Amino acid sequence: MKFTKMHGIGNDYIYVNCMEETIKNPSELSVKLSDRHFGIGSDGLILIKPSKKADFEMEMYNADGSRGEMCGNGIRCVGKYVYEKGLTDKTAVSIETLAGIKHLELIVENQKAAAVRVEMGKPEFAAEKVPVLADTKEVINSPLMVNGKEYFVTCVSVGNPHCVVFFKEDVRELDLKEIGPFFEHHKNFPKRINTEFINVLDEKTLRMRVWERGSGETLACGTGACAAAAAAAVNKFTGENVTVHLLGGDLNIQWDRSKDRLYMTGEAAEVFEGEIFI
């Protein structure tokens, strides 16, 4: 099987062109290939497939083999891949995902996709649509007991479920390996949860760490950055246009309230190509 290793500000995945390759057990393969000691090493596996609804389909699996609805960093890499590998000559590309069809704008420099802007859709705060079990219609700055400690959380879906927690203390000092799993597997999140740990630096800037459902802490999460930006805005900590500092780099997130759409802009990078026997 031929593959390409790519990352969006450190959120790395293995990409397979399924116009040419046939993958029979993608969930099992994701677990095997994502292992950083005995496999290729990644946060998961992304298959690029033909689509009847869009230009291409992105099928995404986490490192534990679970299927993900969407991946913001991953979809930017898909855009870069299909353009630079000659699968399309368009700079406006539509990608089918489990979270719906996403529209990408490729920012091309010297025949390379230097950055990608993605329309990420509408942030959904209704508790039943996140989903999160709650006595209120929305969970915004609401108390949640996690492993015996009270946190104030804002829950939002951007195609996949997120729990955003704002901290006064520096999130760089948090032990995410200790607290992350308690959020992910909390009884109030029936489909598990991605959790963003946020410092508000100013009205235009956030610092973020993320514990991703099925992968643990990653260097970046595009949907998580969108969720954090939307949560910061509804809590009136920031405006609708912010820069999110993640461990792997920065993302710009814009929430166009007139259209109720989130837009994410960031880089994507190819690391290497290879072939592995499966």
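Bear in mind that the values here come from a model prediction, so they are computed numbers and not experimental data. (Residues numbered from 1 in each chain as written. Predicted model: local features only at pLDDT ≥ 70, side-chain atom pairs only at ≥ 80, totals over all residues. Heavy atoms only, no water.)

Participant: Help me get a handle on the packing of aromatic side chains, residues and values and all.
Facilitator: Applying the stated criterion across every chain yields a total of seven aromatic pairs. Note on tyrosine 151 and phenylalanine 167: the rings are 6.1 Å apart at their centroids and 70 degrees apart in plane angle, and the pair reads as edge-to-face. One end of the pair, tyrosine 151, is in strand β10 (residues 149-157); the other, phenylalanine 167, is in the loop between β11 (161-166) and α3 (176-184), with 16 residues separating them in the sequence. A single burial state applies to tyrosine 151 and to phenylalanine 167, both of which are buried. Taking 5.9 Å as the distance between ring centres and 35 degrees as the angle between the ring planes, the aromatic pair formed by phenylalanine 167 and phenylalanine 197 counts as tilted. (Phe/Tyr/Trp six-rings, centres within 6.5 Å; stacked < 30°, edge-to-face > 60°. Helix = DSSP H or I, 4+ residues; strand = E, 2+ residues; numbered from the N terminus. Buried < 20%, exposed > 50% of the residue type's maximum accessible area, 1.4 Å probe, protein only.)

Participant: So what's going on with the pattern of salt bridges? Residues and values would help.
Facilitator: Under the definition given, this model contains 16 salt bridges. The salt bridge involving arginine 36 is made with aspartate 12; its shortest N-O contact spans 2.9 Å. Of the two residues, arginine 36 is situated in the loop between α1 (26-34) and β3 (44-49) and aspartate 12 in strand β2 (residues 11-17); the sequence distance between them amounts to 24 residues. Given the relative accessible area of 48%, arginine 36 is considered partly exposed. Three or more residues joined by partner-sharing salt bridges are found here, namely Lys5, Asp12, Arg36 and Asp43. (Salt bridge = Lys/Arg side-chain N within 4 Å of Asp/Glu carboxyl O.)

Participant: Describe in detail the side chain of serine 94, supporting the description with residues and values.
Facilitator: Position of serine 94 among the secondary structure elements: in strand β6 (residues 92-97). Taking relative accessible area as the criterion, serine 94 reaches 12% and is therefore assigned buried. Those residues in contact with serine 94 that lie beyond four places of it in its chain are Ala54, Asp55, Phe56, Ile101, Lys102 and His103. (Contact = heavy atoms within 4.5 Å.)

Participant: Give me the lowdown on the nonpolar core, citing residues and values where you can.
Facilitator: Core analysis: the biggest nonpolar cluster contains 52 residues, and Tyr15, Met58, Met208 and Ile253 have the highest contact counts within it. Of all the elements, helix α4 (residues 222-234) adds the most residues to this core, at nine residues. When neighbours within four sequence positions are excluded, isoleucine 253 is seen to be in contact with Ala225, Cys226, Ala229, Glu240, Asn241, Val242, Val244, Leu262, Tyr263 and Met264. Counting residues in each nonpolar core, the second largest holds 21 residues, with Cys155, Leu174, Leu176 and Ile179 among its members. (Core = buried A, V, L, I, M, F, W, Y, C linked by side-chain atoms within 4.5 Å.)

Participant: Account for helix α2 (residues 72-84), naming residues and giving values.
Facilitator: Between its first and last C-alpha, α2 extends 19 Å over 13 residues, near the 18 Å set by a 1.5 Å rise per residue. Among all positions in α2, only Gly72, Asn73, Gly74, Ile75, Arg76, Cys77, Val78, Gly79, Lys80, Tyr81, Val82 and Tyr83 are buried. Immediately downstream of α2, the backbone of glycine 86 shows phi near 80 degrees, a positive value. (Expected span 1.5 Å × (residues − 1).)

Participant: Report on empty space enclosed by the protein, specifying residues and quantitative values.
Facilitator: Applying the stated rule across the entire model yields one cavity of 30 Å³ or more. Within this model, the largest cavity holds a volume of roughly 70 Å³. Surrounding the largest cavity, 13 residues form its lining, Met60, Asn62, Met70, Asn160 and Asn194 being those nearest its centre. (1 Å grid on protein atoms, 1.4 Å probe; cavity = no way out; pocket = protein on both sides within 12 Å on 5 of 7 lines; lining within 4 Å. Points joined across faces, edges and corners; volume = space filled by probe spheres on them.)

Participant: Explain α3 to me, and be specific about the residues and the numbers.
Facilitator: All buried positions along α3 are accounted for by Leu176, Ile179, Gly180, Phe183 and Glu184. All buried residues of α3 project into a common sector of 140 degrees when viewed along the axis, lining one side. (Arc of directions from axis to C-beta.)

Participant: Requested: an account of the layout of surface pockets, with residues and values cited.
Facilitator: Within this model, the largest pocket holds a volume of roughly 250 Å³. Lining the largest pocket are Lys149, Glu150, Tyr151, Phe152, Val165, Phe166, Phe167, Lys168, Glu169, Val200 and Phe237. Counting only elements with at least two residues in the lining of the largest pocket, the list comes to β10 and β11. Counting residues per element, the lining of the largest pocket draws most heavily on β10, which supplies four residues. A breakdown of the residues in the lining of the largest pocket according to their chemical character gives seven nonpolar, no polar and four charged. Lining the second largest pocket, in full, are Lys2, Phe3, Thr4, Tyr15, Val16, Asn17, Glu20, Glu21, Tyr81, Lys85, Glu273 and Gly274. Elements that contribute at least two residues to the lining of the second largest pocket include exactly β1 (2-8), β2 and β18 (269-275). Tallied by class, the residues present in the lining of the second largest pocket amount to four nonpolar, three polar and five charged. (Nonpolar A, V, L, I, M, F, W, Y, C, P; charged D, E, K, R; others polar.)

Purely geometric stuff here, so don't read any function into it on its own.
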